[in-house]
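Tertiary structure, described
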Amino acid sequence: MTDPTSPLSPTAAQDEYAMRLALDQALNARLVGEVPVGAVITHMVDGVPQVLATGYNRPITTNDPTAHAEVVALRHAADLLGNYRLPGCTLYVTLEPCAMCAMALMHARFARVVFAAPDPKTGAAGSVVDLFAEPRLNHHTHVEGGLLADAAGSLLRDFFAERRAALRAEREAAADAARLPVPEVIESHFGPMD
């Protein structure tokens, strides 16, 4: 577990900067029609956190149910470092990790996870379950939530509101197309026949 007061720990400004980069990644996901979740992985170089890898949600565009933002960034980081273990790394993600991502991060031995918005449906960092706090697991990752939560939450709410509106419009258009045309009533302008 990383000590957030250690001189090697990122400052609040550095944390915010990294989360803003994760929000940019979430916008990339939104642009390709994916749920807007973005992730950034940093590691310390000479006492300064450096961006190692980024990722955004891609399960729909890649037909890969594991292509969550965290896993995409994790794969890039592991490849760049040439190691499946990433101790000393921090993950910044715009939405609380799910159980799959939480376990991947713990297997990779992440020191720290910082997330923005909580996920009341699948969050595995305290919203639904807290895998990071499970004492029976052999690795424990320091977790912090709520950094830029409003910005991340707004991005998600807007995305789903737009998606619901588009689906409603499609249903209405399909309903309109399915309606049978009403025959025209032709009025006679002729008077009685003489």
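The structure we're discussing is the one just above.
Residues numbered from 1 in each chain as written. Predicted model: local features only at pLDDT ≥ 70, side-chain atom pairs only at ≥ 80, totals over all residues. Heavy atoms only, no water.

Right, let's get into the overall build of the protein chain. Looking only at helices and strands, the protein chain features five helices and five strands. Beginning at the N terminus, the succession of helices and strands in the protein chain can be written as α-β-β-α-α-β-α-β-β-α. Going through the 194 residues of the protein chain one by one, you find that 37% of them count as buried. Contacts in the protein chain between residues at least 24 apart in sequence constitute 59% of all its contacts with a sequence separation of at least 6. Carbon and sulfur atoms form 59% of the exposed surface of the protein chain, whose accessible area is close to 11,400 Å². (Helix = DSSP H or I, 4+ residues; strand = E, 2+ residues; numbered from the N terminus. Buried < 20%, exposed > 50% of the residue type's maximum accessible area, 1.4 Å probe, protein only. Contact = heavy atoms within 4.5 Å. Areas by Shrake-Rupley, 256 points an atom, 1.4 Å probe, with all protein chains shown as cover.)

What the rule picks out here adds up to one aromatic pair. With 5.1 Å between their ring centres and 80° between their planes, Phe159 and Phe160 make a pair best called edge-to-face. With a relative accessible area of 31%, Phe160 lands in the partly exposed category. The ring of Tyr56 has Arg58 lying over it, and the distance from NZ or CZ to the ring centre is 4.3 Å. (Phe/Tyr/Trp six-rings, centres within 6.5 Å; stacked < 30°, edge-to-face > 60°. Lys NZ or Arg CZ within 6 Å of the ring centre and 35° of its normal.)

Here we come to the sheet that holds strand β3 (residues 89–95). In space, the five strands of this open sheet follow the order β2-β1-β3-β4-β5, with mixed pairing throughout. Unpaired on one side and paired on the other, β2 (48–56) and β5 (142–145) mark the two borders of the sheet. Direction aside, the axes of adjacent strands within the sheet are offset by 20° on average. Relative to β5, strand β4 (residues 112–117) runs parallel, the two sharing four bridges. Considered in β5, the bridge of Val114 is made with Glu144. (Pairing = 2+ DSSP bridges. Axes fitted to C-alpha atoms, helices over the stretch in contact; angles between N-to-C directions.)

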